[in-house]
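# Secondary and tertiary structure notes
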Amino acid sequence: MPVTINTFELENVKRIKAVALEPSPTGLTIIGGRNEQGKTSVLDALSWALGGEKYRPSKAQREGSVIPPSLKVTLSNGIVVERKGKNSALKVTDPNGNKSGQQLLNSFIETLALDLPQFMNATPKEKANILLRIIGVGDKLYELEHREQELYNKRHTIGQIADQKTKFAAEMEHFEGVPEIPVSASQLIAQQQEILARNGENQRMRQHKEQCDRELEQARQALDEAKRRFAQAQANAATAAKSAEDLVDESTAELEQNIAGIETLNAKIRANLDKAKAEEKAKEYSDQYAALTAEIEETCKAKYELLHGADLPLEGLSVEDGELTFNDQKWDNMSGSQQLRVATAIVRRLNPECGFVLLDKLEQMDTQTLADFGAWLEAEGLQAIATRVSDGDECSIIIEDGYSVTQKSESPAEPKTWKAGEF
Ligand SMILES: Nc1ncnc2c1ncn2[C@@H]1O[C@H](COP(=O)(O)OP(=O)(O)OP(=O)(O)O)[C@@H](O)[C@H]1O
Ligand SMILES: [Mg+2]
């Protein structure tokens, strides 16, 4: 069972002359009164009684009092806490009547429950971290956020490279009507060699004809000595002459032109290939960018699922960009009453053994919000002792000039305990 406050009696602490109260075991107990009457002094005194020396007010003894402060708080676990005497020394008595000390109190008292402003004034990141710690997903979320940041950075760089590459590829020259791969000069040279070889053969045949002519001439001169040889030579010469007549030389002019143009052509082909390669690179980076975007979306989804699968102290709480949110609003966008509710819910979870919380300045809640808040506290089994500038029915006790009016009046009435639904 979480520990709550059963009763307290306070005298001569700060603005308090004498205040005693038996707060409601769960739900809201409101200490009302006009300004500067001693309401906050009651909470300060309780913080000091339960939280120890670090909560001692700078001027703990009421001005004008010759009697030192006296504080007595009885808790639902039977422990009695007292401070009295010249030094306001702490006395903690357990249910068996044994003496104990601050350490025992610290084991079940959540200091933020005594000092809610400490939570309310924490940075947005600290608040988020407290929430993540109590729902036990801090490490995993940190990992996901770290991963998400890494992906964002990587995608940013890839995006820049993709843009550069696309721009570079677009600016490169492209030639229409040229082959897709560079032309080989050796093929053309081989063709040229073949033609030259054939022409060489022609040349040889021409020389052969000349030889025959010479022989004819010799034969003519030797006509007398070899008529038969002359006739033969004449026939040979005629045949050779006929063969020579049909011979036509092939031209290498076109090939020579092609060889001359090959370098220009290949330069264009290489330019086209370079452009195609650059376009491919640009596409590679664009694809990588798209893949990273998909991965970022998945990380965000994992984060969302992690938080929404956790056991939250209050419905609507979450963490976005490392900041605590309630119904998607960051702390500075929450209303004062929402801030109080969020803070109470979170602080409650910090130490489940601590069943109460002290709340100052509840006047920022209207009566409807107050009723809703009271009902929520009751449902949570949480005791809240709060102050409010008011003397309305919602107050369990009114403080006037350091006294609870019930104590001040002639015929003391029972202190009222406010319950949800009474408005
Ligand atoms: N040791 C002290 N002795 C006498 N008066 C003190 C002492 N310490 C503070 N005060 C006075 O008590 C008043 C504040 O008391 P407290 O904060 O309890 O009032 P409150 O009812 O909460 O007022 P508010 O509605 O303005 O918050 C101030 O006027 C302050 O000067
Ligand atoms: Mg006050």
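Calculation criteria
- Residues numbered from 1 in each chain as written.
- Chains lettered and ligands numbered in written order.
- Predicted model: local features only at pLDDT ≥ 70, side-chain atom pairs only at ≥ 80, totals over all residues.
- Buried ≥ 20, exposed ≤ 12 C-beta atoms within 10 Å, placed from the backbone.
- Helix = DSSP H or I, 4+ residues; strand = E, 2+ residues; numbered from the N terminus.
- Pairing = 2+ DSSP bridges.
- Near = placed C-beta within 6 Å.
- pLDDT = per-residue confidence, 0-100.
- Contact = placed C-beta atoms within 7 Å.
- Domains from an automatic or database assignment.
- Axes fitted to C-alpha atoms, helices over the stretch in contact; angles between N-to-C directions.
- Parallel < 35°, antiparallel > 145°, perpendicular 65-115°, else oblique.
- Left-handed = near helix turned anticlockwise from the far one by under 90°.
- Nonpolar A, V, L, I, M, F, W, Y, C, P; charged D, E, K, R; others polar.

## A short note on the pairing of strand β3 (residues 27-33)
- Burial of β3 is extensive: seven of the seven residues sit out of reach of the surface.
- Here β3 pairs with strand β12 (residues 383-389) via seven bridges, running parallel. Residue pairing for β12: I31 is matched across the bridge by T387.
- Note that β3 and strand β13 (residues 397-400) share two bridges and pair parallel. Counted as the bridge partner of I31 is I397 from β13.

## Looking at the site of ligand 1
- Around ligand 1, the structure places 15 residues, and the nearest of them are R15, K39, T40, S41 and E63.
- Elements that contribute at least two residues to the shell around ligand 1 include exactly α1 (39-51) and β12.
- Residue contributions to the shell around ligand 1 peak at three residues, all from α1.

## Section: the confidence of the model for the protein
- With 96% of its residues at a pLDDT of at least 70, the protein reaches an overall mean of 90.
- Counting contacts from residues 407-423, a segment whose pLDDT is below 50, to residues more than four positions away or on other chains yields 34 contacts.

## A word on the domain arrangement of the protein
- Once the domains are mapped, the protein shows domain 1 (5-109 + 351-408), domain 2 (142-174 + 279-306) and domain 3 (185-275).
- Placing the centre of domain 1 and that of domain 2 at their C-alpha centroids yields a distance of 58 Å.

## Points about the packing of helix α5 (residues 124-135) against helix α10 (residues 336-350)
- Contact pair α5 / α10: the axes reach a minimum separation of 10 Å and the direction vectors enclose 45°. Considering their axes alone, α5 and α10 lie oblique with respect to each other. Remark: the crossing between α5 and α10 carries left-handed chirality. Residues I130, L131 and I134 of α5 touch α10, and the partners they reach there are I346, R349 and L350.
- In terms of residue class, the contact of α5 with α10 is built from five nonpolar, no polar and one charged.

## Some words on unusual backbone geometry
- A positive phi angle, close to 50°, is found at K14, a residue other than glycine.
- Along the chain, K14 falls in the loop between β1 (5-11) and β2 (18-21).
- Phi is positive for K361, close to 60°, though the residue is something other than glycine.
- By the secondary structure assignment, K361 is in the loop between β11 (356-359) and α11 (367-380).
- On the basis of neighbour counts, which here come to 16 C-beta atoms within 10 Å, the residue K361 falls in the partly exposed class.

## Some words on the environment of R388
- Within the secondary structure, R388 sits in strand β12.
- Here the alpha-carbon distance between R388 and L359, two residues 29 residues apart in the chain, equals 9.2 Å.
- Apart from residues lying up to four places away in sequence, R388 is in contact with I30, G32, L362, E363 and C395.

## Quick word on the sheet that holds strand β8 (residues 317-320)
- Strand order in this open sheet of three strands is β8-β9-β10, and the pairing throughout is antiparallel. The two strands at the open ends of the sheet, each matched to only one other strand, are β8 and β10 (329-330).
- Inspection of the sheet shows β8 paired to strand β9 (residues 323-326) by four bridges, in the antiparallel sense. What sits directly across from E320, in β9, is E323.

## What to know about the environment of A237
- One can find A237 in helix α8 (residues 227-246).
- In this structure the C-alpha to C-alpha distance between A237 and H308, which are 71 residues apart in sequence, comes to 111 Å.
- Those residues in contact with A237 that sit more than four places away from it in its chain are C212, D213 and L216.

## Overview of the packing of helix α7 (residues 185-221) against α8
- In the contact formed by α7 and α8, the axes pass within 9 Å of each other and the chain directions differ by 155°. Relative to α8, the element α7 is oriented roughly antiparallel. At the point where α7 passes α8, the crossing takes the left-handed sense. Contact with α7, carried on its side by M205, R206, H208, K209, C212, D213, E215, L216, A219 and R220, involves R229, F230, A233, Q234, N236, A237, A240, A241, S243 and A244 of α8 and no other residues of that element.
- Partitioning the contact of α7 with α8 into residue classes produces 10 nonpolar, four polar and six charged.

## Some remarks on the pairing of strand β4 (residues 70-75)
- Residue alternation in β4 divides its side chains into a buried set, L71, V73 and L75, and an unburied set, S70, K72 and T74.
- Two elements, β1 and β4, share six bridges in a ladder whose sense is antiparallel. Note that in β4 the partner of L10 across the bridge is L71.
- Connecting β4 to the antiparallel partner strand β5 (residues 80-84) that follows it, the hairpin turn spans four residues, and G78 within it adopts a positive phi of roughly 90°.

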